[in-house]
4 protein chains.
Amino acid sequence: MTTAPLSDLQDLRDRTRQFAQARDWEQFHTPKNLAMALSVEVAELAEHFQWLPTGAAAELDDAKRTAIRHELADVLLYLVQLADKLQVDLHAAAVDKMALNALKYPADPVRSDLRK
Amino acid sequence: MTTAPLSDLQDLRDRTRQFAQARDWEQFHTPKNLAMALSVEVAELAEHFQWLPTGAAAELDDAKRTAIRHELADVLLYLVQLADKLQVDLHAAAVDKMALNALKYPADPVRSDLRK
Amino acid sequence: MTTAPLSDLQDLRDRTRQFAQARDWEQFHTPKNLAMALSVEVAELAEHFQWLPTGAAAELDDAKRTAIRHELADVLLYLVQLADKLQVDLHAAAVDKMALNALKYPADPVRSDLRK
Amino acid sequence: MTTAPLSDLQDLRDRTRQFAQARDWEQFHTPKNLAMALSVEVAELAEHFQWLPTGAAAELDDAKRTAIRHELADVLLYLVQLADKLQVDLHAAAVDKMALNALKYPADPVRSDLRK
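Just so you know, the residues in each chain are numbered from 1, in the order the chain's sequence is written. Working convention: letters from A go to chains and numbers from 1 go to ligands, in the order in which they are written. A pLDDT threshold of at least 70 governs which residues receive local features in this predicted model, and a stricter bar of 80 or more applies before side-chain atom pairs are shown or counted, although totals over entire chains, interfaces and linings include all residues. Note that water and hydrogens are dropped before the side-chain values are worked out from all heavy atoms of the structure.

> Got a sec to walk through the overall build of chain A? Specific residues and values, please.
Secondary structure assignment for chain A yields 4 helices and 0 strands. Sequence-ordered secondary structure for chain A, helices as α and strands as β, is α-α-α-α. Classification of residues uses two cut-offs on accessible area relative to the type maximum, computed with a 1.4 Å probe and protein chains only: under 20% is buried, over 50% is exposed, and between them is partly exposed. Burial status across chain A gives 52% buried among its 116 residues. For chain A, the exposed area adds up to about 5800 Å²; of that, 53% sits on carbon and sulfur atoms. Labels follow the DSSP assignment, with helices taken as runs of H or I lasting at least four residues and strands as runs of E lasting at least two, numbered in each case from the N terminus. Per-residue accessibility takes into account occlusion by the displayed protein chains alone, with areas from the Shrake-Rupley method and a 1.4 Å probe.

Listed below in structure tokens is the structure:
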């Protein structure tokens, strides 16, 4: 008998659960606190871009690219933990939201001149 | 011949690429702008929790749970797009970051009383 | 006998105190909650700029300028309330912080080419 | 002839103008960039509260109180600079916004049980 492999988001969910349990951090991980920590991590990510023209590759050196990669990871890790506490399947939620967005912003096959 | 299934995150990367292309939105999607949009979505998520004690399930009604699920999705969708522009594999970055976090905050097998 | 006029910031502190008391909102106004609400208001402000090149006057129409003015106000109002709860004199704190910043980033009388 | 004294917000506006000019930073200070920098500073402030129950005085030691005071100052300083670029009088905007808020959330002279 084989079991279906975990998806990558489920894998991270399991890893973060284990990580928090091993450190007795679950007591701090209310949805409210995780939402706040997520905000802080996103700001640490945004900080790298605040004085740059666009953040395109040519504007970033290696040290900055590494730091940004770590911040992207931190954002995902808190997002996964928050979704876990709220029992939300992130992939399904994202697919559903894209369907709503497609209704709100229909694609124009010819030209999409106006925006948001 | 079979092909390996796309991971959840790669699937969302492909979906968001197609969505932006179909709407001619790529011109707006600089890393800087996506980081800023990500911050805004995270705040819309956090807003649901700002006056609640902890955000636990009992504090949320169905309408709020649905709204929160949509906001979680929006955060993930912008995160995936930003990582895509920066050519970062989010799952690999998250696994690497957890290894660094494990060095910074070693698990105490007996008790983890002090924190961050 | 004349009394010194209240400063702008003290005036807003007094107005926000009265406003919260009249609505029995003080129970919600912990420093943590006010910091979270402040984050949310700042994101509502930032949202107006996220897809614009620079946010210069020519990029903003009247409706957007009015909305931005209201968001700037909301940010200040939550900041004043948070500082009040923490018994911080915002003007004195800002002057002190500028003195620290001046040490960290000395002005170059000739040219200031490098940055932060 | 006497001139009216500057208000404390006008005083900070003048100080920040001079500070930026002396460092040739005005080129970076677009409204968009200042809004992004403001978001980052607010997150640095919020970070101090993310794992605390309420952020009340008893939960903060002296080092943390000093750090929080500096972050409050940074938030105000970016807010003042952003309002200056947008030619918004922060005090007038705040007073006007409070009048709108009073219409939206009328005070209940007896009891204000429901909320936002």
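> Tell me about the relation of the copies chain B and chain A, and name the residues and values.
Copies are brought into register by a least-squares superposition over C-alpha atoms of residues with pLDDT of at least 70 in both. Note on the copies: chain B fits chain A at an RMSD of 0.0 Å, the axial shift is 0.0 Å, and the rotation between them is 180 degrees. On the angle and the small slide along the axis, the relation comes out as a two-fold axis. Any two residues having at least one pair of non-hydrogen atoms within 4.5 Å are treated as being in contact. When the interface residues of chain B are mapped onto chain A, 99% of them again fall at the interface, so both copies present the same face.

> Would you mind going over the interface of chain B and chain A in detail, with residue names and values included?
Listed per partner, the contact involves 68 residues of chain B and 67 residues of chain A. Buried area counts how much accessible surface, traced with a 1.4 Å probe, disappears from two parts once they are put together, with both parts' losses summed. Taking both partners together, chain B and chain A bury about 5900 Å²; carbon and sulfur atoms supply 67% of that area. Contact with chain A buries area across many residues of chain B, yet Lys32, Arg69 and Met98 of chain B alone supply 11% of it, more than any other trio. Whenever a carboxyl oxygen of Asp or Glu lies within 4 Å of a side-chain nitrogen of Lys or Arg, that contact is scored as a salt bridge. The tally of links from chain B across to chain A stands at 4 salt bridges. The shortest N-O distance in the salt bridge between Asp74 of chain A and Lys97 of chain B comes to 2.8 Å. N or O atoms within 3.5 Å of each other form a polar contact, as long as, within protein, one can give a hydrogen and the other can take it, and as long as residues adjacent in sequence are counted only when both atoms are side-chain atoms. On inspection of chain B and its partner chain A, the count reaches 20 residue pairs in polar contact (both at pLDDT 80 or more). Residue contributions to the side of chain B that touches chain A peak at 14 residues, all from helix H3 (residues 62-85) of chain B. In this classification, the charged set is Asp, Glu, Lys and Arg, the nonpolar set is Ala, Val, Leu, Ile, Met, Phe, Trp, Tyr, Cys and Pro, and all remaining amino acids, among them Gly, are polar. Grouping the constituent residues of the side of chain B that touches chain A by class yields 41 nonpolar, 12 polar and 15 charged.

> How would you sum up the side chain of Glu71 of chain B? Please name residues and give values.
Inspection of the secondary structure assignment puts Glu71 of chain B in helix H3. Neither His nor the chain ends contribute to the count of charged residues, in which Lys and Arg are positive and Asp and Glu negative. One buried charged residue, Glu71 of chain B, remains without a salt bridge, the closest side chain of opposite sign being Lys97 of chain A at 6.5 Å. Among all residues touching Glu71 of chain B, those that are not within four sequence positions of it are Glu41, Glu44, Leu45 and His48 of chain B.

> I'd like a rundown of the pattern of salt bridges, residues and numbers included.
This model, assessed by the stated rule, comprises 20 salt bridges over all chains. The salt bridge partner of Asp96 of chain D is Arg69 of chain C, with a shortest N-O separation of 3.0 Å. In this pair, Asp96 of chain D is assigned in helix H4 (residues 90-104) and Arg69 of chain C in helix H3 (residues 62-85), connecting two distinct chains.

> Now, about empty space enclosed by the protein: what can you tell me, with residues and values included?
Lining residues are those with an atom within 4 Å of a point, where the points come from a 1 Å grid over the protein atoms alone and group into cavities, where a 1.4 Å probe fits but cannot get out, or pockets, open sets with protein on both sides within 12 Å along at least five of seven lines. Grid points are joined across faces, edges and corners, and a volume is the space filled by probe spheres set on the points. Tallied over the entire structure, the rule returns 2 cavities of 30 Å³ or more. Computed from the structure, the largest cavity encloses a volume of approximately 220 Å³. Lining the largest cavity are 22 residues, and of these Ser39 of chain A, Ser39 and Ala43 of chain B, Ser39 of chain C together with Ser39 of chain D sit closest to its centre. Listed by contribution, the elements that provide at least two residues to the lining of the largest cavity are helix H2 (31-47) of chain A, helix H2 (31-47) of chain B, helix H2 (31-47) of chain C together with helix H2 (31-47) of chain D. When its residues are assigned to classes, the lining of the largest cavity shows 18 nonpolar, 4 polar and no charged.

> Explain the packing of aromatic side chains to me, using residue names and the numbers behind them.
Each aromatic pair joins two rings of Phe, Tyr and Trp (for Trp, the six-membered one) with centres within 6.5 Å, and gets the label stacked for planes under 30 degrees apart, edge-to-face for over 60, and tilted for any other angle. Inspection of the entire model under this criterion finds 12 aromatic pairs over all chains. With a centroid separation of 6.4 Å and 40 degrees between ring planes, the pair formed by Tyr78 of chain A and Trp51 of chain D is classed as tilted. Within this pair, whereas Tyr78 of chain A is found in helix H3 (residues 62-85), its partner Trp51 of chain D is found in the loop between H2 and helix H3 (62-85), the two belonging to separate chains. When the centroid spacing of 5.9 Å and the interplanar angle of 65 degrees are considered together, the rings of Phe19 of chain B and Trp25 of chain B count as edge-to-face. Exposure remark for Phe19 of chain B: the relative accessible area of 14% places this residue in the buried category. Among the aromatic residues, those joined into a cluster by ring pairs are Phe19 and Trp25 of chain A together with Tyr105 of chain B. For a Lys NZ or an Arg CZ to count as sitting over a ring, it must be within 6 Å of the ring centre and within 35 degrees of the ring normal. Between the NZ or CZ atom of Arg23 of chain A and the centre of the ring of Phe19 of chain A, over which it lies, the distance is 3.6 Å.

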